[in-house]
Amino acid sequence: MRVTAPKNETFKKLMSEVAYRILKEDDFQTVLEGMFSVEVSSEDLKMRPKEFKRFCDAVIVEDGKKVRKGNLLIIGPYRTRQLRVRLSDEEYEKLKQCAKMRMCSLSFLFRGTLLSAIAKRRELW
Amino acid sequence: MTYYVRAPKDERVDAVFSRAFKKIGEGERQVIYEGRIDVEFPQAMFGFSDDEFRKLCRSVRVEGGIKRRTKEGIRFAPLRRKVLTVRLSEDEYRLLVEDAREVGLEASRWARNLVMSLVEQYLAMELKKKAMQEIRAVCGECKYWTGGGCNNPAIPRQYLREVYSGRRSECGYKVEKQGANPPEEQGRSTGL
């Protein structure tokens, strides 16, 4: 996934934290490449709402998508693969309990935990 | 999830199965074991010939779980009826498959093992956090508690030991011997 964004040091730093690498950089914009989903808020970038909206509009994502929800920009890859995991009742209940604690869906929790574990294993983060 | 394995009575089988299963019943011809997790026993562990091992695999009955003959031996696992579908990108899927291949497992099995171990860790931590809150609620403002200082049966000993080990009691009374009951007039709460 390739992300082209207006030059911003904080954005660059945030992206590098989730294993994005810089492909190209000039005075106006930065091109980054990575594979994981990222959420950036206006507070992270220390921008006012209008400025943040302009920044989000200027961001271009190739092989992925960007969504702005209020003061949150979500950049993520297209998820075309499906992984089917079989669980016992006990495992399902544990996962459900954990998802309830974190207030998220089962699949979101599963994917997040899986990807962070893989990234840690490979020392990407 | 618990599953039950009925196996023919044999010393060699018992020696192997007892390592991973709990024996819960025994008859003249059969022994019943209780299992909880995925287990695989290689044929070499039993010391059986191919024929003997084949016979054993056929005679073993599993309730609430599955048995499967593998290349190396026999595998037992609990029944997994629920199916969770997770969407992944091509790159994410590639990383998962590479990792799974490294350890010699299928992608979905590797993913389940990885995630469930982390989920169990998280739940155990949450349980511990809750227990610690209960300890604080019971012990009030007493910060320095000795391991043997609190006699409330509701408080698990290991948590006390972890937090208050090696510290002298400053809670208003001193316990002479471990396990001695605190005097009633100290007003120690046993509200749990």
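Just so you know, these numbers come straight off a predicted model, no measurement behind them. (Residues numbered from 1 in each chain as written. Chains lettered and ligands numbered in written order. Predicted model: local features only at pLDDT ≥ 70, side-chain atom pairs only at ≥ 80, totals over all residues.)

## Comments concerning the sheet that holds strand S7 (residues 73–78) of chain B
Residue and element names in this part refer to chain B.
Part 1 of the argument: In spatial order, the strands read S4-S7-S6; together these 3 strands make up an open sheet with antiparallel pairing. Bordering the open sheet on either side are strand S4 (39–42) and strand S6 (65–69), each of which pairs with just one other strand. Sheet twist, expressed as the mean angle between neighbouring strand axes with direction ignored, is 15 degrees.
Part 2 of the argument: Sheet analysis places S6 next to S7, joined by 5 bridges and oriented antiparallel. Pairing of Arg69 across the sheet is with Ile74, part of S7. (Pairing = 2+ DSSP bridges. Helix = DSSP H or I, 4+ residues; strand = E, 2+ residues; numbered from the N terminus. Axes fitted to C-alpha atoms, helices over the stretch in contact; angles between N-to-C directions.)

## Focus on the sheet that holds strand S5 (residues 61–63) of chain B
All names here are of chain B.
Part 1 of the argument: The sheet built from 4 strands is open, its strands ordered S2-S3-S1-S5 with antiparallel pairing. One side of each edge strand has no neighbouring strand; the edge strands of this open sheet are strand S2 (22–26) and S5. Neighbour to neighbour, the strand axes of the sheet diverge by 25 degrees on average, direction disregarded.

## Considering the packing of helix H5 (residues 106–121) of chain A against helix H4 (residues 90–103) of chain B
Part 1 of the argument: It is at 11 Å that the axes of H5 of chain A and H4 of chain B come closest, and there the two elements cross at 60 degrees. With respect to H4 of chain B, the element H5 of chain A is oriented oblique. Pair H5 of chain A / H4 of chain B crosses with left-handed handedness. Here H5 of chain A contributes Leu115, Ile118 and Arg121 of chain A to the contact with H4 of chain B, which in turn contributes Glu92, Leu95, Leu96 and Asp99 of chain B. (Parallel < 35°, antiparallel > 145°, perpendicular 65-115°, else oblique. Left-handed = near helix turned anticlockwise from the far one by under 90°. Contact = placed C-beta atoms within 7 Å.)

## Regarding the packing of helix H4 (residues 89–102) of chain A against H5 of chain A
Residues and elements named next belong to chain A.
Part 1 of the argument: With their axes 9 Å apart at the nearest point, H4 and H5 run at an angle of 95 degrees to one another. Taken together, H4 and H5 sit at an angle that is classed as roughly perpendicular. For the pair formed by H4 and H5, the contact residues are Leu95, Lys96, Cys98, Ala99 and Arg102 on the first element and Leu106, Leu109 and Phe110 on the second.
Part 2 of the argument: Across the contact of H4 with H5, the residue classes break down as 6 nonpolar, no polar and 2 charged. (Nonpolar A, V, L, I, M, F, W, Y, C, P; charged D, E, K, R; others polar.)

## Some words on unusual backbone geometry
Part 1 of the argument: A positive phi is found at Ala19 of chain A, a non-glycine position, where the angle reads about 65 degrees.
Part 2 of the argument: On the secondary structure map, Ala19 of chain A appears in the loop between helix H1 (9–17) and strand S2 (21–25).

## Remarks on the nonpolar core
Part 1 of the argument: With 36 residues, the main nonpolar core has Val85, Phe110 and Leu114 of chain A together with Val86, Ala111 and Val115 of chain B as its most contacted residues.
Part 2 of the argument: Mapping this core onto the domain boundaries places at least three of its residues in each of domain 1 (2–77) and domain 2 (89–121) of chain A.
Part 3 of the argument: Not counting residues within four places of it along the chain, the set of residues in contact with Phe110 of chain A comprises Leu95 of chain A together with Leu84, Val86 and Val115 of chain B.
Part 4 of the argument: The next biggest cluster of nonpolar side chains, apart from the first, holds 12 residues, and it includes Tyr3, Val13, Phe21 and Val31 of chain B. (Core = buried A, V, L, I, M, F, W, Y, C linked by C-beta atoms within 7 Å. Buried ≥ 20, exposed ≤ 12 C-beta atoms within 10 Å, placed from the backbone. Domains from an automatic or database assignment.)

## A few points about the domain arrangement of chain A
Part 1 of the argument: Examined at the domain level, chain A breaks down into domain 1 (2–77) and domain 2 (89–121).
Part 2 of the argument: If you average the C-alpha positions of domain 1 of chain A and of domain 2 of chain A, the two centres end up 26 Å apart.

## Some words on the interface of chain A and chain B
Part 1 of the argument: Contact with chain A, which involves 32 residues of that partner, is made by 33 residues of chain B.
Part 2 of the argument: Looking at the side of chain A that touches chain B, the elements that each hand over two or more residues are strand S8 (81–87), H4 and H5 of chain A.
Part 3 of the argument: A total of 10 residues in the side of chain A that touches chain B trace back to one element, the largest contributor, which is H5 of chain A.
Part 4 of the argument: Residues that form the side of chain A that touches chain B fall into these classes: 16 nonpolar, 6 polar and 10 charged.
Part 5 of the argument: Of the strand pairs in this sheet, S8 of chain A and strand S8 (residues 82–88) of chain B are connected by 7 bridges, and their pairing is antiparallel. Note on S8 of chain B: the bridge partner recorded for Leu87 of chain A is Lys82 of chain B.

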